[in-house]
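This is what each chain is made of:
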Amino acid sequence: GAEKELEGSLKQLVAKLFEIALTVTVPDEPDVEPVVAPCPPKFGDYQCNNAMGLWKKIKDKGTQFTGPQPLGKAIMSNLPQSEMIESCSIAGPGFVNVKLAKPWIAKRIHKMLTDGIETWSPKLNIKTAVVDFSSPNTAKEMHVGHLRSTIIGDTLARMLEFSNVKVLRRNHVGDWGTQFGMLIEYLFEKLPDWEAANDQAIGDLEAFYKASKERFDDDPGFKERAQQAVVSLQGGQEKYRKAWTRICETSRRNFQKVYHRLGVHLEEKGESFYNPYIPGTLDILNKKGLIEESEGARVIFIEGKNIPLIVVKSDGGYNYASTDLAALWYRLNEENAEWIIYLTDVGQKDHFDMFFTAARRAGWLPADDKKYPRVSHVGFGLVLGEDGKRFRTRSTRVVKLVDLLDEAKTRCKVAIIERGKGKDWSEEEVDKTAEAIGYGAVKYADLKNNRLTNYTFNYDQMLNDKGNTAVYLLYAHARICSIIRKSGRDIEELKQSGTLDLAHPDERVLGLHLLQFAEIVEEACTNLFPNILCEYLYNLSEDFTRFYTNCQVVGSAEETSRLFLCEATAVVMRKCFDLLGITPVYKI
Ligand code: ARG
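Note that this is a predicted model, so its numbers are computed, not measured. (Residues numbered from 1 in each chain as written. Predicted model: local features only at pLDDT ≥ 70, side-chain atom pairs only at ≥ 80, totals over all residues.)

### Examining the UniProt feature "domain: Arginyl tRNA synthetase N-terminal" (unreviewed entry) in the protein chain
Inference 1: With numbering matched to this structure, UniProt assigns "domain: Arginyl tRNA synthetase N-terminal" (unreviewed entry) to residues 12-100.
Inference 2: For residues 12-100, the end-to-end C-alpha separation is 13 Å, with 37% helix and 21% strand making up the annotated structure. (UniProt positions renumbered as here; feature names shortened; annotations may be inferred. Helix = DSSP H or I, 4+ residues; strand = E, 2+ residues; numbered from the N terminus.)

### So, the sheet that holds strand S11 (residues 339-345)
Inference 1: The sheet built from five strands is open, its strands ordered S7-S6-S5-S11-S12 with parallel pairing. Edge positions in the open sheet fall to strand S7 (267-268) and strand S12 (374-380), since each of these has one partner strand only.
Inference 2: Strand direction decides the pairing type here: S11 and S12, joined by seven bridges, are parallel. Residue Leu343 lies in a different strand from S12, and its bridge partner there is Val378. (Pairing = 2+ DSSP bridges.)

### Comments concerning the site of the ligand
Inference 1: The ligand sits among Asp132, Ser135, Pro136, Asn137, His172, Gly174, Asp324, Ala327, Tyr342 and Thr344.
Inference 2: Of all the elements in the fold, those that place two or more residues in the shell around the ligand are helix H14 (320-333) and S11.
Inference 3: A class-by-class count of the residues in the shell around the ligand yields three nonpolar, five polar and two charged. (Near = placed C-beta within 6 Å. Nonpolar A, V, L, I, M, F, W, Y, C, P; charged D, E, K, R; others polar.)

### Digging into the UniProt feature "domain: DALR anticodon binding" (unreviewed entry) in the protein chain
Inference 1: If you check UniProt for "domain: DALR anticodon binding" (unreviewed entry), the listed places come out as residues 473-588 in our numbering.
Inference 2: A helix fraction of 72% and a strand fraction of 0% characterise residues 473-588, whose end C-alpha atoms lie 12 Å from each other.

### Regarding the domain arrangement of the protein chain
How big an interface is tends to be expressed through the accessible area that disappears when the partners come together.
Inference 1: Segmenting the protein chain into domains produces domain 1 (2-100), domain 2 (128-171 + 270-381), domain 3 (179-264) and domain 4 (401-579).
Inference 2: Using only C-alpha atoms to locate each centre, domain 2 and domain 4 end up separated by 36 Å.
Inference 3: Taken residue by residue, the interface counts 19 residues in domain 2 and 16 residues in domain 4.
Inference 4: Among the secondary structure elements, those contributing two or more residues to the side of domain 2 that touches domain 4 are helix H6 (144-162) and S12. (Domains from an automatic or database assignment. Contact = placed C-beta atoms within 7 Å.)

### Comments concerning the packing of helix H7 (residues 179-190) against helix H11 (residues 238-262)
Inference 1: The N-to-C vectors of H7 and H11 enclose an angle of 95 degrees; their axes lie 10 Å apart at closest approach. For the element pair H7 / H11, the angle class is roughly perpendicular. When H7 is examined against H11, the residues Phe180, Leu183, Ile184, Leu187 and Phe188 are found in contact with a partner set consisting of Tyr240, Ala243, Trp244 and Ile247.
Inference 2: Its residues placed into classes, the contact of H7 with H11 shows nine nonpolar, no polar and no charged. (Axes fitted to C-alpha atoms, helices over the stretch in contact; angles between N-to-C directions. Parallel < 35°, antiparallel > 145°, perpendicular 65-115°, else oblique.)

### So, the packing of helix H5 (residues 102-115) against helix H24 (residues 559-579)
Inference 1: With their axes 10 Å apart at the nearest point, H5 and H24 run at an angle of 65 degrees to one another. Remark: the crossing between H5 and H24 carries left-handed chirality. Of the residues in H24, those touching H5 at Ile109, His110, Met112 and Leu113 are Phe564, Glu567, Ala568 and Val571.
Inference 2: Residues belonging to the contact of H5 with H24 are distributed by class as follows: six nonpolar, one polar and one charged. (Left-handed = near helix turned anticlockwise from the far one by under 90°.)

### Some thoughts on the pairing of strand S3 (residues 85-91)
Inference 1: Of the pairings in the sheet, the one linking S3 to strand S4 (residues 95-100) comprises six bridges and is antiparallel in character. In the sheet register, Ser89 faces S4, and the bridge partner there is Asn97.
Inference 2: Adjacent in sequence and paired antiparallel, S3 and S4 are bridged by three residues, among which Gly92 carries a positive phi angle near 50 degrees.

### Thoughts on the confidence of the model for the protein chain
Inference 1: On average, the protein chain scores 94 in pLDDT, and the residues at 70 or more come to 98%.
Inference 2: Across residues 1-5, where pLDDT falls below 50, the model places zero contacts with residues more than four positions away in sequence or in other chains.
Inference 3: Reported confidences for the modelled complex are a pTM of 0.95 and an ipTM of 0.99. (pLDDT = per-residue confidence, 0-100.)

Listed below in structure tokens is the structure:
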């Protein structure tokens, strides 16, 4: 029925029509997947590319067709009647072009406006996913790499959540391991009454870590005590356990300051959480014959890699890889996750490749890495300073993320006040807007790049109000809201009675772009590339500008219809912001 026809993205709907046409045209080839893609505007909106490939398949089987073009023509004429399509044509060797019908595009946009943007959410075939992101290391400062992990991971989680997938947002904090011996011992030494002390007394954890490392390297007595402390901690001795908890808590409170500013929520299940699961996990792998002895260590050999994956060190201790194997086992078996997504810099690619291969050999994952249950390592490049080297501030070795975010906010606040907005806004309004724009700018500057590349951190660039920046996009959205406000019309009321028409070519372009939202989110989310969504958002604002420049809205004969387009653009932009973790602003 008509309702059913409306399900799925635009591309999927077009593909469905071609699926029917293909079945009718070549009934002997039942498994042909329709290949549909957007096409150059002079040809239409979408194009089906099946004829050429299909021709190669059937030409020697005694077919009635004489070439790919006649085959394409047949596919075209077998397209079912649909209100979606205005016209079709054949191009080149057999491309079938489809031009969508304006009334149909308009109807779909109107329906989204009344039923909500959720009706445009992608449908994925999974129920539960784990997104393992941010994951800083306790007692060390969170660095810009963790910022990228946090920003990109949060967006992917949001896109999956929008697609109705239950997402377990996991902070795989590095809170276990031998460094805790020296940290605990240093705590005892420096702050004998540590149990009563506050976070300030412990101070900067980065410095704390460095100082304890120096003691460890310089003083053999300290080193010995630190090594003993690891044993006491792992043996569960209360005093050591408490000190460990104390250090983790202090660290956590620091991380939380960054998450709070970014509006990111995560559930911490650190390395320590999986520690009890390691022996059982290794046992399973051992029974499958995967684990071997090598130079005193227990290892898994991986085909094509020079060095094996160490799962038990020669001193009997576990490591990063044993923890990740146990975490994977837990996520697959205890949490029933079907897709597990890991965010770290590209430098860790080998680690992930190796333990993924081990899991595949153990039969935990299917051989085809696109099939579920599935694991994906989402790698990203470095953050560079303007000197082209790793991003660092002049004074300190690393950048404190809290300071970096505060700086973005402060700069925005100054810009807002300079624009003369400070005087008619409340202090709180200025502050909230500065936060939305400042933090949004940092996120967008990161997300708009292909994540695999390094990107250069530059305040002036990201805070520019022209060009492809969050500032520009947030202002564009606020401007649309102000057009609607100034019209004095009640959009909710209009939705009941008004109609949407796409008579002007720029209206049609904008309308079609709006409709493509669902397939773009699906592509960005399933391919794990948020920059696809950023590009869509930027193009949307460009299409809107062209429409607004060439089509009068308020006071025109088409006012109602054009206000609908404004509203639909604002709704889709807001959903993009939401998926990118950016807070929209409504006034500028
Ligand atoms: N703590 C690690 C780091 O800072 C990242 C952990 C990523 N997650 C994982 N399951 N290995 O590099």
